[in-house]
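Each chain is listed here by its residues.
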Amino acid sequence: MSAQVIDGKAFAAKVRGQVAEGVNKLKADHDLVPGLAVVLVGEDPASEVYVRSKGKMTVEVGMKSVEHRLDADTSETDLLAVIKSLNEDASIHGILVQLPLPKHLNEDLVINSIDPAKDVDGFHISNVGLLGTGQKSMVPCTPLGCLMMLRDHHGSLSGLDAVVVGRSNIVGKPMAQLLLGDSCTVTIAHSRTKDLPDVVRRADIVVAAVGRPEMVPGDWIKPGATVIDVGINRLDAPEKGEGKTRLVGDVHYESAAAVAGAITPVPGGVGPMTIACLLANTLTACCRANGLPEPEGLTA
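Residues numbered from 1 in each chain as written. Predicted model: local features only at pLDDT ≥ 70, side-chain atom pairs only at ≥ 80, totals over all residues. Heavy atoms only, no water.

So, the pairing of strand S7 (residues 205–208): which residues are in play, and what are the values?
Residues Ile 205 and Val 207 point to one face of S7 and Val 206 and Ala 208 to the other, with burial holding for every one of them. Note: strand S5 (residues 161–165) against S7, four bridges, orientation parallel. Looking at S7, one finds that Val 163 is bridged to Val 206. (Buried < 20%, exposed > 50% of the residue type's maximum accessible area, 1.4 Å probe, protein only. Helix = DSSP H or I, 4+ residues; strand = E, 2+ residues; numbered from the N terminus. Pairing = 2+ DSSP bridges.)

Pasting the structure below:
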């Protein structure tokens, strides 16, 4: 068996196209332009690249893009003041504070200062609670992207056995809630789960989000299962030259692809969907703020 490759890059382009159509419709019918504000504190190189990419794609789909770049030694008071001004700005529908923050800043306090209706990362405690109780919420972008790809591949997920390997607040826990919402039977497993290989082996859907390179080998995968690999890990690649690295997921791709029915690659799988879903969430937030119907297929 050779698994079907789920092309996250192509799927993300499709989602961005749907978002652009929704933005154009809002402009034409209601003279509304969704606005996304990104706040970056400090000069973390990976965050810089990510913020630039977000800004570029926000403009490409026709949205208003705002960036606030603050010094690494910015005080908590000053950061909270920026967020307060964005909460009160009617032209901004989505607010994202780029993580990680410098160590002197309290991430929980900062995230929970964002208006939950504008929390397009879905990290605010109110959105966590709403998602956990099956109510309308802003959904974290990475799990939402995984759900979209699973729905596209399977159609209905009802009754399927799903195992989420990883219990983080950002991916593992919300992913489990989304799968429950689509009527899967869900197990959250992790590095300390007893008989972890056997637990994973029974799953029709495996979502690996544990943050350990190539932790899940092919002999853990049920033949024909769908594997969503959220992990992005950088390993040394001396075969490419001195100091070179390669990206791998939490799943050993070659062995898993020989057994699975479908699999996401790394890179080019889940990663591109995260920004696409951030844009989708901003469009959804704009529609909700103005009492308009939400775009179909772009949220849970």
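From this point, the narrative continues.
Break down the environment of Gly 261 for me, with residues and values.
Mapped onto the elements, Gly 261 comes out in the loop between helix H9 (253–257) and strand S11 (262–263). Linking Gly 261 and Ala 3, residues 258 residues apart in sequence, is a C-alpha distance of 4.6 Å.

Break down unusual backbone geometry for me, with residues and values.
Following Leu 99, the chain continues to Pro 100 via a peptide bond in cis, the omega torsion being 5°. Tracing the sequence through the fold places Pro 100 in the loop between strand S4 (94–97) and helix H4 (107–111). A cis amide bond, omega -5°, links Val 266 with the succeeding residue Pro 267. Along the chain, Pro 267 turns up in the loop between S11 and helix H10 (271–289). In this model, Asp 195 sits at a positive phi of 55°, which is unusual for a non-glycine residue. Its identity is not glycine, yet Glu 214 carries a phi of approximately 55°, on the positive side. With respect to the helices, strands and loops of the structure, Glu 214 is situated in the loop between S7 and strand S8 (226–229).

Before we move on, could you go through the side chain of Lys 118 and cite the residues and values that matter?
Inspection of the secondary structure assignment puts Lys 118 in the loop between H4 and helix H5 (125–132). Here Lys 118 occupies a buried position and makes no salt bridge, while the nearest side chain of opposite charge, Asp 115, is found at 5.3 Å. In terms of polar contacts, Lys 118 uses its side chain to reach the backbone carbonyl oxygen of Leu 86, at 2.9 Å. Excluding anything up to four places from it in sequence, Lys 118 contacts Leu 86, Asn 87, Glu 88, Asp 89, Ile 92, His 93, Gly 94 and Ile 95. (Lys, Arg positive; Asp, Glu negative; His and termini not counted. Salt bridge = Lys/Arg side-chain N within 4 Å of Asp/Glu carboxyl O. Polar contact = N/O pair within 3.5 Å; in protein donor to acceptor, adjacent residues only side chain to side chain. Contact = heavy atoms within 4.5 Å.)

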